[in-house]
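A look at the structure
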Amino acid sequence: MDSIIQNIQGIPLNHYLIFCSVIFAIGVIGVLIRRNVIIIMMSIELMLNSVNLLLAAFSAYRGDASGQVFVFFVMALAAAEVAVGLAIVIMVYRNTKSVDIESLSKLRW
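Residues numbered from 1 in each chain as written. Predicted model: local features only at pLDDT ≥ 70, side-chain atom pairs only at ≥ 80, totals over all residues. Heavy atoms only, no water.

**Structural notes on the packing of helix α3 (residues 37–62) against helix α4 (residues 66–96)**
- Close contact between α3 and α4 brings their axes to 9 Å; oriented N to C, the two are set at 175°. Taken together, the axis directions place α3 and α4 in an arrangement best described as roughly antiparallel. Contact with α3, carried on its side by Val-37, Ile-38, Met-41, Ile-44, Glu-45, Leu-48, Asn-52, Leu-55, Ala-56 and Ser-59, involves Gly-67, Gln-68, Phe-70, Val-71, Val-74, Met-75, Ala-78, Glu-81, Val-82, Gly-85, Leu-86 and Val-89 of α4 and no other residues of that element. (Axes fitted to C-alpha atoms, helices over the stretch in contact; angles between N-to-C directions. Helix = DSSP H or I, 4+ residues; strand = E, 2+ residues; numbered from the N terminus. Parallel < 35°, antiparallel > 145°, perpendicular 65-115°, else oblique. Contact = heavy atoms within 4.5 Å.)

Listed below in structure tokens is the structure:
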């Protein structure tokens, strides 16, 4: 375990910040531009994973496990989001035969 922490601390923290910022920006662009619900959900997962990586890096640099515990809770939230989101996507596909966001306007009352 100590060798993993030493390997993480061997990389400057700025590199983690830049890398996670780029991944998060790609996720935001994917949410804003794409119209496919599955792609949007994957982009949200990409944003959550970039935050998880940054939390783990900060946790390793501080030598405190609280960041890693928080990563566990974010991963549990992401799994719940995927389960509920996939169920919604399946029901939308059954009703509209499409997973496009524009087809969701047909589901209004």
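**Focus on a nonpolar patch on the surface**
- A surface patch of nonpolar side chains, amounting to about 530 Å² of accessible area, comprises Phe-24, Val-28, Ile-29, Leu-32, Ile-33 and Val-51.
- Element by element, the count of residues in the nonpolar patch is highest for helix α2 (residues 13–33), at five residues.
- As for its placement among the helices and strands, Phe-24 is situated in helix α2. (Patch = residues over 30% accessible without salt bridge, like charges linked within 9 Å, V, L, I, M, F, W, Y side chains within 5 Å. Areas by Shrake-Rupley, 256 points an atom, 1.4 Å probe, with all protein chains shown as cover. Salt bridge = Lys/Arg side-chain N within 4 Å of Asp/Glu carboxyl O.)

**Topic: the UniProt feature "transmembrane region" (unreviewed entry) in the protein chain**
- Mapped onto this numbering, the UniProt entry annotates "transmembrane region" (unreviewed entry) at residues 16–34, 46–63 and 69–93.
- Across residues 16–34 one finds 95% helix and 0% strand; the C-alpha atoms that close the span lie 27 Å apart.
- Measuring from the first to the last C-alpha atom of residues 69–93 gives 36 Å, for a span that is 100% helix and 0% strand. (UniProt positions renumbered as here; feature names shortened; annotations may be inferred.)

**A look at the side chain of Ser-43**
- As for its position among the elements, Ser-43 is in helix α3.
- Excluding residues that lie within four positions of it along the chain, Ser-43 makes contacts with Gly-27, Gly-30 and Val-31.

**Side note on α3**
- End to end, α3 covers 38 Å across 26 residues, agreeing with the expected 38 Å (1.5 Å per residue, within 8%).
- Looking only at α3, the buried set comprises Val-37, Ile-40, Met-41, Ser-43, Glu-45, Met-47, Ser-50, Asn-52, Ala-57, Ser-59 and Ala-60.
- The opening residue of α3, the one whose side-chain oxygen lies 3.2 Å from the backbone nitrogen of Ile-38, is Asn-36.
- Gly-63 occupies a position one or two residues after α3 and carries a positive phi of about 75°. (Expected span 1.5 Å × (residues − 1). Buried < 20%, exposed > 50% of the residue type's maximum accessible area, 1.4 Å probe, protein only. Polar contact = N/O pair within 3.5 Å; in protein donor to acceptor, adjacent residues only side chain to side chain.)

**Quick notes on α2**
- Taking 1.5 Å as the rise per residue, α2 with 21 residues should run 30 Å; its terminal C-alpha atoms sit 30 Å apart, in good agreement.
- For α2, the set of buried residues is Tyr-16, Cys-20, Ile-23, Gly-27 and Gly-30. Buried positions in α2, seen along its axis, are confined to an arc of 80° and lie on one side of it. The outward face of α2, more than 90 degrees from its buried face, is lined by the exposed residues Asn-14, Ile-18, Leu-32 and Ile-33. (Arc of directions from axis to C-beta.)

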